Amino acid sequence: MMNLQEYFIRIGLQGSFDKPDLETLKLIHKRHVMSVPFENLSMHCGERHILDLEFTFNKIVRSGRGGWCLENNSLFGWVLREMGYDTTRLSSRVFNSSTNAFSPTDSHLVHKVVVDGKAYIADVAFGMSFQMWEPMELVSGKDQHQAAGVFRFIDKGEKWVLEKTSRKTKVLNPDFADSSLVKRQETRTIYCFTLEPREVEHFSEANNTLQTDPKSLFMNKSIVSLQTAAGFRALMGWTYSEVTFKPEEGVDVFDLRNIEDEEKEQVLLEKFNIKLQKKLQIVSNKTWYTL
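All figures in this text were calculated on a predicted structure; none of them were measured in a lab.

Novice: Outline the pattern of salt bridges, supporting the account with residue identities and numerical values.
Specialist: Pairing is possible between side chains that carry opposite charge, provided their charged atoms lie close to one another. All chains considered together, the criterion is met by 17 salt bridges. Among the salt bridges present, the one from Glu 163 reaches Arg 152, with a minimum N-O distance of 2.8 Å. On the criterion of sequence distance, the pair formed by Glu 163 in strand β9 (residues 160-165) and Arg 152 in strand β8 (residues 149-155) is long-range, its members being 11 residues apart. Of the two residues, Glu 163 and Arg 152, neither departs from the other in class, the shared state being buried.

Structure representation (structure tokens):
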């Protein structure tokens, strides 16, 4: 039996939160991304990412794990509906910077939430420096300033596009000065979406492909990231990163280092509060994905 209070405890909140207003939506959105990691570790532990709400609730809320977008955002959508929000499940296609094109399939799940007549997009599961901390108003061309940078939606007619302008990067470790993990473009396209409502079954094929296709990003890189009060932490393959947002200086500071195999369990526990039940086989092939 899924329980809202258990979820609130998982994201570090106390109270009933029985008023579905914008202030509460912003609060739970931010607490989620700072408490629940974006991660694909199950598939690298010999397990599967299962598209089932009760399974996901037990995994994230009761077992202290994170999940990728189809898990995190499915859970968050349930929370919103239970709290009485007017919410609609949407599908999106992630932009691949190496091919300069959107993915051919709907692989990312987000939510449209209407509060006091205004529509917002809530997305608690993109991770890294592209993670919005608060829901964004669905208005075309409006710069929306958040901790990670300036996000904006662009209405292209047949679809909406999310993009973000970042600050310059400052890489502390000279060994990573030219790393492909560090984003170079200041303005990046993140994903596109339509406003057509989707049932969760719409994502079944993508859920399978993401963890079986040899070309899938998630097959080629084990990933975990968690937002912090100052930025975010990430373990991408063997590279552990701590990124600090410094808007007052106009930079994001990247502190990267490679970890050893014997460190991985300690790093997961101390930095992401994750304790795995099965042994993690870290995968670190080169991909287009960046911090």
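So much for the structure itself; the text now carries on.
Novice: Account for helix α7 (residues 264-272), with residues named and values stated.
Specialist: Among all positions of α7, only Lys 264, Val 267, Leu 268 and Phe 272 are buried. The arc enclosing the buried residues of α7, seen along the axis, measures out at 100°, which places them on a common side. Exposed positions of α7 whose direction lies more than 90 degrees from the buried face are Glu 265 and Glu 270. Here the buried face of α7 lies against β12 (223-227), β13 (231-236), β14 (239-246) and β15 (251-258). Phi turns positive, to about 55°, at Asn 273, one or two residues after α7.

Novice: Before we move on, can you summarise the sheet that holds strand β1 (residues 38-39) with the specific residues and values?
Specialist: Taken together, the 6 strands give an open sheet; going across it, the order is β1-β12-β13-β14-β15-β10, and neighbouring strands pair in mixed fashion. Each having just a single partner strand, β1 and β10 (168-171) make up the two edges of the open sheet. Note: β14 against β15, 8 bridges, orientation antiparallel. Bridge assignment links Thr 244 to a residue of β15, and that residue is Val 253.

Novice: Explain the packing of helix α3 (residues 53-62) against helix α4 (residues 69-83) to me, and be specific about the residues and the numbers.
Specialist: The interhelical angle for the contact between α3 and α4, taken along N-to-C directions, is 100°, at an axis separation of 10 Å. In this view, α3 runs roughly perpendicular relative to α4, as classed from their interaxial angle. Every residue of α4 that contacts α3 at Leu 53, Thr 56, Phe 57, Lys 59, Ile 60 and Val 61 is listed here: Glu 71, Asn 72, Ser 74, Leu 75 and Trp 78.

Novice: Any details on the packing of aromatic side chains? Residues and values, ideally.
Specialist: For the structure shown, the criterion picks out 15 aromatic pairs. Here the aromatic rings of Tyr 191 and Phe 193 are separated by 6.2 Å at their centres, their planes lie at 65°, and the arrangement is edge-to-face. Here the two residues Tyr 191 and Phe 193 agree in accessibility, since each one is buried. Looking at Lys 164, its charged tip hangs above the ring of Phe 130, at a distance of 5.4 Å from the centre.

Thresholds applied
Residues numbered from 1 in each chain as written. Predicted model: local features only at pLDDT ≥ 70, side-chain atom pairs only at ≥ 80, totals over all residues. Heavy atoms only, no water. Salt bridge = Lys/Arg side-chain N within 4 Å of Asp/Glu carboxyl O. Helix = DSSP H or I, 4+ residues; strand = E, 2+ residues; numbered from the N terminus. Buried < 20%, exposed > 50% of the residue type's maximum accessible area, 1.4 Å probe, protein only. Arc of directions from axis to C-beta. Contact = heavy atoms within 4.5 Å. Pairing = 2+ DSSP bridges. Axes fitted to C-alpha atoms, helices over the stretch in contact; angles between N-to-C directions. Parallel < 35°, antiparallel > 145°, perpendicular 65-115°, else oblique. Phe/Tyr/Trp six-rings, centres within 6.5 Å; stacked < 30°, edge-to-face > 60°. Lys NZ or Arg CZ within 6 Å of the ring centre and 35° of its normal.

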